[in-house]
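# Summary of the model geometry
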Amino acid sequence: MERFYQAVAGVLIAVIFILVLRKQGSDIAILLSVLVCCMVGFLAAGFLKPVMEFLQRLQKLGALQPDYITTLLKIVGISFTAQIAGLICDDSGNSALGKIIQFLASAVIIYLSLPMLSKLLDLVDQILENL
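Predicted, not measured: the structure shown is a model, and the values here were computed from it.

### Description of the packing of helix 4 (residues 66-91) against helix 5 (residues 95-130)
The interhelical angle for the contact between helix 4 and helix 5, taken along N-to-C directions, is 170 degrees, at an axis separation of 8 Å. Here helix 5 runs roughly antiparallel to helix 4, going by the angle between their axes. Here the residues of the contact of helix 4 with helix 5 sort into 14 nonpolar, 8 polar and 3 charged.

### A few points about the environment of Q59
Along the polypeptide, Q59 turns up in helix 3 (residues 49-62). The sequence separation of Q59 and I69 amounts to 10 residues, and the corresponding C-alpha distance is 7.3 Å.

### Quick notes on the environment of L131
Inspection of the secondary structure puts L131 in the segment after helix 5. By relative accessible area, which is 81% here, L131 ends up exposed. Note: C-alpha distance between L131 and L43 (88 residues apart in sequence) is 50 Å.

### Overview of the packing of helix 3 against helix 4
Between two packed helices, the angle of one axis relative to the other and the distance separating the axes together describe the packing. In contact at an axis separation of 10 Å, helix 3 and helix 4 are set at 155 degrees when each is read in the N-to-C sense. Taken together, the axis directions place helix 3 and helix 4 in an arrangement best described as roughly antiparallel. Here helix 3 and helix 4 pass one another in a crossing that is right-handed. Along the contact surface, helix 3 presents M52, L55 and Q59, while helix 4 presents P66, I69 and L73. Taken together, the residues of the contact of helix 3 with helix 4 sort by class into 5 nonpolar, 1 polar and no charged.

Cut-offs and rules
Residues numbered from 1 in each chain as written. Predicted model: local features only at pLDDT ≥ 70, side-chain atom pairs only at ≥ 80, totals over all residues. Heavy atoms only, no water. Axes fitted to C-alpha atoms, helices over the stretch in contact; angles between N-to-C directions. Helix = DSSP H or I, 4+ residues; strand = E, 2+ residues; numbered from the N terminus. Parallel < 35°, antiparallel > 145°, perpendicular 65-115°, else oblique. Nonpolar A, V, L, I, M, F, W, Y, C, P; charged D, E, K, R; others polar. Buried < 20%, exposed > 50% of the residue type's maximum accessible area, 1.4 Å probe, protein only. Left-handed = near helix turned anticlockwise from the far one by under 90°. Contact = heavy atoms within 4.5 Å.

Structural data, given as structure tokens:
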């Protein structure tokens, strides 16, 4: 948890620098914002390692196909990426672009979920046939 609080403090310091740079009309403010987002993203990835181990354990215990876990991870990655990209767009004054990125991510997530939803529908159909 200490790393979390250090990261939050670093982000708040970066926000102060970004505000000062914006007042001076510097485009470096956007670059600094992107850099800080990337650094925090790498830090967040470190926190996700235990989650990966849990998913691998879940896959073994539930005899799940590796494709399902891979799809879930892709969905999480797309969600995080779209959220960060959307926030960066909002921060740079292009909120419409940020919202369309999030809409695109939603469409891709639904698309990636179709095989799992199809299997779920097949399972429900089998259960109803057996009743």
